[in-house]
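Breakdown of the fold
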Amino acid sequence: MTLTGEQVERVDEHDRVLDIVDRGEAVRRGWLHRVATVVCRDPGGRILVHRRPEHVTRFPGQYNWLLGGAVEAGESYEEAATRELKEELGIRATVRFAFKYLCRGEISPYWLGVHEAVVDGDTTPDPSEIAWHDWLPEAELRQRLWQWPFVSDSREAYTKYTELPENLQPRPPSHP
């Protein structure tokens, strides 16, 4: 097989590498691969929410509270999450792994690695990825998840994120 597109690792139900494949083929055939995402919070604890452009092929015009994309062959979840922040928001930030799970996604199944990052400063969103963005308090995000057209996989991820044990959930910095 000739690999011409984005190369990803095809993995099994235990997230063990089986092969390196073209991401488009993995999606078409329903092969498991890896996706890394980041929950971006500002220093006050608000979460970055964005809307995808209308012209994109996947989830046009839909909202998401996660930034991210495919984990490329040879990349760790954390490396992919860091790369995606740079590509999509134009920033470098330290990412912290939160959890991963087998997502039976709307387009295809994949292992989803969810990370967190505190973003302190200006962002430069890539307009080919992000048409609009804003920082929302978590209570407002919870409300908007069911009012706005959010990517369905992100709704499932939010449910799992809020079910994390208390010691894993992020906390805004305390102020005296």
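Residues numbered from 1 in each chain as written. Predicted model: local features only at pLDDT ≥ 70, side-chain atom pairs only at ≥ 80, totals over all residues. Heavy atoms only, no water.

Overview of the overall build of the protein chain
The helix and strand inventory of the protein chain stands at 4 helices and 9 strands. When the helices and strands of the protein chain are read in sequence order from the N terminus, they spell out β-β-α-β-β-β-β-α-β-β-β-α-α. Relative to the 2.2 N^0.38 estimate, which gives 16 Å for 176 residues, the radius of gyration of the protein chain is 16 Å and therefore close to what a compact globule would have. Its C-alpha atoms give the protein chain principal-axis dimensions of roughly 60 × 35 × 30 Å. Expressed as a percentage of contacts within the protein chain between residues at least 6 apart in sequence, the contacts between residues at least 24 apart total 60%. A total accessible area of about 9100 Å² is found for the protein chain, and carbon and sulfur atoms account for 48% of it. Across the protein chain, the mean location of the 22 positive side-chain charges is 3 Å away from that of the 30 negative side-chain charges. (Helix = DSSP H or I, 4+ residues; strand = E, 2+ residues; numbered from the N terminus. Rg over C-alpha atoms; globule rule 2.2 N^0.38 Å. Contact = heavy atoms within 4.5 Å. Areas by Shrake-Rupley, 256 points an atom, 1.4 Å probe, with all protein chains shown as cover. Lys, Arg positive; Asp, Glu negative; His and termini not counted. Charge placed at Lys NZ, Arg CZ, Asp CG, Glu CD.)

Some words on the side chain of Glu116
Structurally, the position occupied by Glu116 is in strand β8 (residues 110-118). Relative accessible area serves as the criterion here: at 7%, Glu116 is assigned to the buried category. A distance of 2.7 Å separates polar atoms of two side chains, one belonging to Glu116 and the other to Tyr161. (Buried < 20%, exposed > 50% of the residue type's maximum accessible area, 1.4 Å probe, protein only. Polar contact = N/O pair within 3.5 Å; in protein donor to acceptor, adjacent residues only side chain to side chain.)

So, the pairing of strand β1 (residues 7-11)
Bridging between β1 and strand β2 (residues 17-22) involves 5 bridges; their strand directions are antiparallel. Its bridge partner being in β2, Gln7 is matched across the sheet by Asp22. Where β1 hands over to β2, the hairpin turn is made up of 5 residues, of which Asp15 adopts a positive phi near 65 degrees. (Pairing = 2+ DSSP bridges.)

So, the layout of surface pockets
Within this model, the largest pocket holds a volume of roughly 700 Å³. Taken together, the elements giving at least two residues each to the lining of the largest pocket come down to α1 (23-29), β3 (34-41), β6 (67-70), α2 (77-89), β8 and α4 (152-162). Looking at side-chain class alone, the lining of the largest pocket contains 10 nonpolar, 10 polar and 10 charged residues. (1 Å grid on protein atoms, 1.4 Å probe; cavity = no way out; pocket = protein on both sides within 12 Å on 5 of 7 lines; lining within 4 Å. Points joined across faces, edges and corners; volume = space filled by probe spheres on them. Nonpolar A, V, L, I, M, F, W, Y, C, P; charged D, E, K, R; others polar.)

Let's talk about α2
The terminal C-alpha atoms of α2, which comprises 13 residues, lie 18 Å apart, in line with the 18 Å expected from a rise of 1.5 Å per residue. When we look at burial in α2, the residues that qualify are Tyr77, Ala80, Ala81, Arg83, Glu84, Leu85, Glu88 and Leu89. Packing partners of the buried residues in α2 comprise β3, β4 (47-51), β6, β7 (96-103) and β8. Just past α2, the residue Gly90 takes up positive phi, approximately 70 degrees. (Expected span 1.5 Å × (residues − 1).)

As for the confidence of the model for the protein chain
Low-pLDDT stretches of the model should not have their predicted coordinates read in fine detail. Chain-level pLDDT for the protein chain is 91 on average; 91% of the residues reach the 70-or-more range. Mean pLDDT values for the elements of the protein chain range from 94 in α4 up to 98 in strand β5 (residues 63-64). Every residue in residues 171-176 is under pLDDT 50, and counting partners more than four places away or in other chains gives 5 contacts. (pLDDT = per-residue confidence, 0-100.)

Focus: the pairing of β7
As judged from the 7 bridges shared by β7 and β8, these two strands associate in the antiparallel manner. From the neighbouring strand, Phe97 faces β8, where its bridge partner is His115. As consecutive antiparallel partners, β7 and β8 are separated by 6 residues.

Points about the nonpolar core
In terms of nonpolar packing, the biggest core is built from 22 residues, with Trp65, Leu112 and Leu141 touching the most fellow members. Ignoring sequence-local partners within four residues, the contact set of Trp65 consists of Val38, Val39, Ile47, Leu48, Val49, Leu141, Leu145, Phe150, Ser154, Ala157, Tyr158 and Tyr161. With 21 residues, the next largest nonpolar core counts Ala80, Ala81, Ala117 and Trp135 among its residues. (Core = buried A, V, L, I, M, F, W, Y, C linked by side-chain atoms within 4.5 Å.)

Remarks on unusual backbone geometry
Excluding glycine, residues mostly have negative phi values, and the peptide bonds linking residues are mostly trans. Although it is not a glycine, Asp15 adopts a positive phi angle of roughly 65 degrees. Relative to the helices and strands, Asp15 resides in the loop between β1 and β2. Judged by relative accessible area, Asp15 falls into the buried class, the value being 7%. In this structure, Phe59 takes a positive phi of about 60 degrees despite not being glycine. Mapping Phe59 onto the fold places it in the loop between β4 and β5. The class for Phe59 is buried, based on a relative accessible area of 16%.

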